[in-house]
Amino acid sequence: MIKYDEILTSTDWLEQNLDMPNIRILDASWHLPDARRNPKLEFQSSHIPKAQFFDIDLFSDPESSLPHMIPSVEFFSEHIKSFGLGDEHHIVVYDSLGMFSAARVWWLFKFFGCCNISILNGGLPKWLAESKPLSGEISEFAPRDVSLKVNAKTLCGLSEVKMASKSRSSQIIDARPRKRFEGRAAEPRPGLRSGRIPGSKNICYRDILNSDLTVKDVDTLKSLFAEQGISLTKPIITTCGSGITAAILYLALELIGARSVSLYDGSWAEWGSLLDLPVERD
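Residues numbered from 1 in each chain as written. Predicted model: local features only at pLDDT ≥ 70, side-chain atom pairs only at ≥ 80, totals over all residues. Heavy atoms only, no water.

Draft legend 1. Region of interest: the sheet that holds strand E4 (residues 90–94). A sheet is described by the order of its strands in space; here five strands give the open sequence E1-E5-E4-E2-E3, paired in parallel fashion. Unpaired on one side and paired on the other, strand E1 (8–9) and strand E3 (51–53) mark the two borders of the sheet. Helix-sheet contacts for helix H5 (residues 102–111) involve strand E2 (23–27), E4 and strand E5 (117–120), and the interaxial angle to E5 is about 175°. (Pairing = 2+ DSSP bridges. Helix = DSSP H or I, 4+ residues; strand = E, 2+ residues; numbered from the N terminus. Contact = heavy atoms within 4.5 Å. Axes fitted to C-alpha atoms, helices over the stretch in contact; angles between N-to-C directions.)

Structure (structure tokens):
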């Protein structure tokens, strides 16, 4: 089982190691369409020193009409060069909501085989609450290549989800808030039906977090998934609205030793838009 502090970096550790040459910091802040916030402008105003802005929308498949679909390895490799990331670097990723979009970037790098990456536990809110240093300076590093090797087992497509929903061959867990999962709240993206994938269960991404937006301890997480009848020895698919918060469930499941987990990239943005697919509602 992967240790908690191998995935999650504390704010104190990062502050003490800001000047280490092998540290690269990525601000991966992203917001839902109805939030009306511009994370890049917020980053340019103030961020953790040495951080670079990682635009999740940019690092998505430009050929897909769906949001946040995995790009090709060639596309990812070409666009990641500007961050100056090398195989010797320890990447720390954070976001402005504590734990929201940072887990998606952590998962994205894992998909492309870059495993020396961790998430700032508690993110920018915890950093601010502790009055740690901020900067308005934009850091730049010499472009370079990082080794990539696609780990396809971490990704799940529509055909696999359809099969899992029908046959229950995999457990499907939805990270959206309860009302959206139950179909009692409208989706933030226009044109999507309300409801859930048949047979799926709900563990909202917020349930993974403590009040200070850090990730709950391993024993608490194990109890949370056990209460929903999730077996850690059987295949699991995580999903959400557009593949962002599904990565938080993926993170939690990796922490507690789940054997086989994949993330449904299309998530509800895909399933909810296809009128020939079944939908459950309460």
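Draft legend 2. Spatial organisation of the nonpolar core. Membership of the largest hydrophobic core comes to 59 residues, with the highest contact counts inside it found for Phe-54, Phe-109, Ile-208 and Phe-225. Counting residues per element, the ones that place at least two in this core are helix H4 (73–80), E4, H5, E5, helix H9 (218–227), helix H10 (246–255) and strand E10 (261–264). Take this core: its biggest share by element is nine residues, from H10. Aside from chain neighbours lying at most four places away, what touches Ile-208 is Ile-203, Thr-214, Val-215, Lys-216, Leu-221, Leu-224, Phe-225, Ile-248, Leu-249 and Ala-252. Of all hydrophobic cores here, the second largest spans 13 residues; its members include Leu-14, Ile-25, Ile-48 and Val-92. (Core = buried A, V, L, I, M, F, W, Y, C linked by side-chain atoms within 4.5 Å. Buried < 20%, exposed > 50% of the residue type's maximum accessible area, 1.4 Å probe, protein only.)

Draft legend 3. Structural view of the sheet that holds strand E9 (residues 236–239). The sheet built from five strands is open, its strands ordered E6-E10-E9-E7-E8 with parallel pairing. In this open sheet, the two strands that pair with only one neighbour each are strand E6 (155–156) and strand E8 (201–202). Sheet topology places strand E7 (residues 171–174) next to E9; four bridges connect them, and they run parallel. Following the sheet pairing, Ile-173 is matched in E9 by Thr-238.

Draft legend 4. Layout of the environment of Asp-217. On the secondary structure map, Asp-217 appears in the loop between E8 and H9. Among the residues examined, Asp-217 registers a relative accessible area of 40% and is labelled partly exposed. As for Asp-217 and Tyr-4, which are separated by 213 residues in sequence, their C-alpha atoms are 7.9 Å apart. Of note is the side chain of Asp-217, whose polar atom sits 2.9 Å from the side chain of Thr-220. (Polar contact = N/O pair within 3.5 Å; in protein donor to acceptor, adjacent residues only side chain to side chain.)

Draft legend 5. Expanded view of the packing of aromatic side chains. For the structure on display, the rule yields 13 aromatic pairs. On the basis of an interplanar angle of 85° and a centroid distance of 4.9 Å, the ring pair of Phe-111 and Phe-112 is categorised as edge-to-face. Judged by relative accessible area, which is 6%, Phe-111 ranks as buried. Residue class for Phe-112 comes out buried when judged on its relative accessible area of 0%. (Phe/Tyr/Trp six-rings, centres within 6.5 Å; stacked < 30°, edge-to-face > 60°.)

Draft legend 6. View of the packing of H5 against H10. With their axes 8 Å apart at the nearest point, H5 and H10 run at an angle of 70° to one another. Considering their axes alone, H5 and H10 lie roughly perpendicular with respect to each other. The element H5 and its partner H10 pack so that their crossing is left-handed. In this structure, H5 uses Ala-103, Arg-104, Trp-106, Trp-107 and Lys-110 to contact H10, whose residues at the interface are Ala-247, Ile-248, Tyr-250, Leu-251 and Glu-254. Looking at the contact of H5 with H10, its residues break down into seven nonpolar, no polar and three charged. (Parallel < 35°, antiparallel > 145°, perpendicular 65-115°, else oblique. Left-handed = near helix turned anticlockwise from the far one by under 90°. Nonpolar A, V, L, I, M, F, W, Y, C, P; charged D, E, K, R; others polar.)

Draft legend 7. Inspection of the pairing of E4 at higher detail. Burial runs high along E4: five of the five residues are buried. In E4, alternate side chains face the same way, and those of His-90, Val-92 and Tyr-94 on one face and Ile-91 and Val-93 on the other are all buried. One ladder, built from five bridges, connects E2 with E4; its direction is parallel. Bridge assignment links Arg-24 to a residue of E4, and that residue is Ile-91. Where E4 lies against E5, three bridges are found, and the strand directions are parallel. Following the sheet pairing, Val-92 is matched in E5 by Ser-118.

Draft legend 8. Molecular detail of the side chain of Ser-170. With respect to the secondary-structure elements, Ser-170 resides in the loop between helix H7 (158–167) and E7. Excluding its chain neighbours within four sequence positions, the residues that come into contact with Ser-170 are Ala-164, Pro-235 and Ile-237.

Draft legend 9. Layout of unusual backbone geometry. In this structure, Arg-36 takes a positive phi of about 55° despite not being glycine. Tracing the sequence through the fold places Arg-36 in the loop between E2 and helix H3 (39–45).

Draft legend 10. Region of the structure containing H4. Those residues of H4 lying buried are Phe-75, Phe-76 and Ile-80. One face of H4 carries all of its buried residues, which in axial projection span an arc of 115°. Summarising the contacts, the buried residues of H4 are in contact with H5. (Arc of directions from axis to C-beta.)

Draft legend 11. Main features of the environment of Thr-238. As for its position among the elements, Thr-238 is in strand E9. C-alpha separation for the pair Thr-238 and Arg-184, spaced 54 residues apart in sequence, amounts to 21 Å. Contact partners of Thr-238, with chain neighbours within four places excluded, come to Ile-173, Ala-246, Leu-249, Tyr-250, Leu-253, Val-261, Ser-262, Leu-263 and Tyr-264. For Thr-238, the side chain forms a polar contact with the main-chain oxygen of Ala-246, separated by 3.1 Å.

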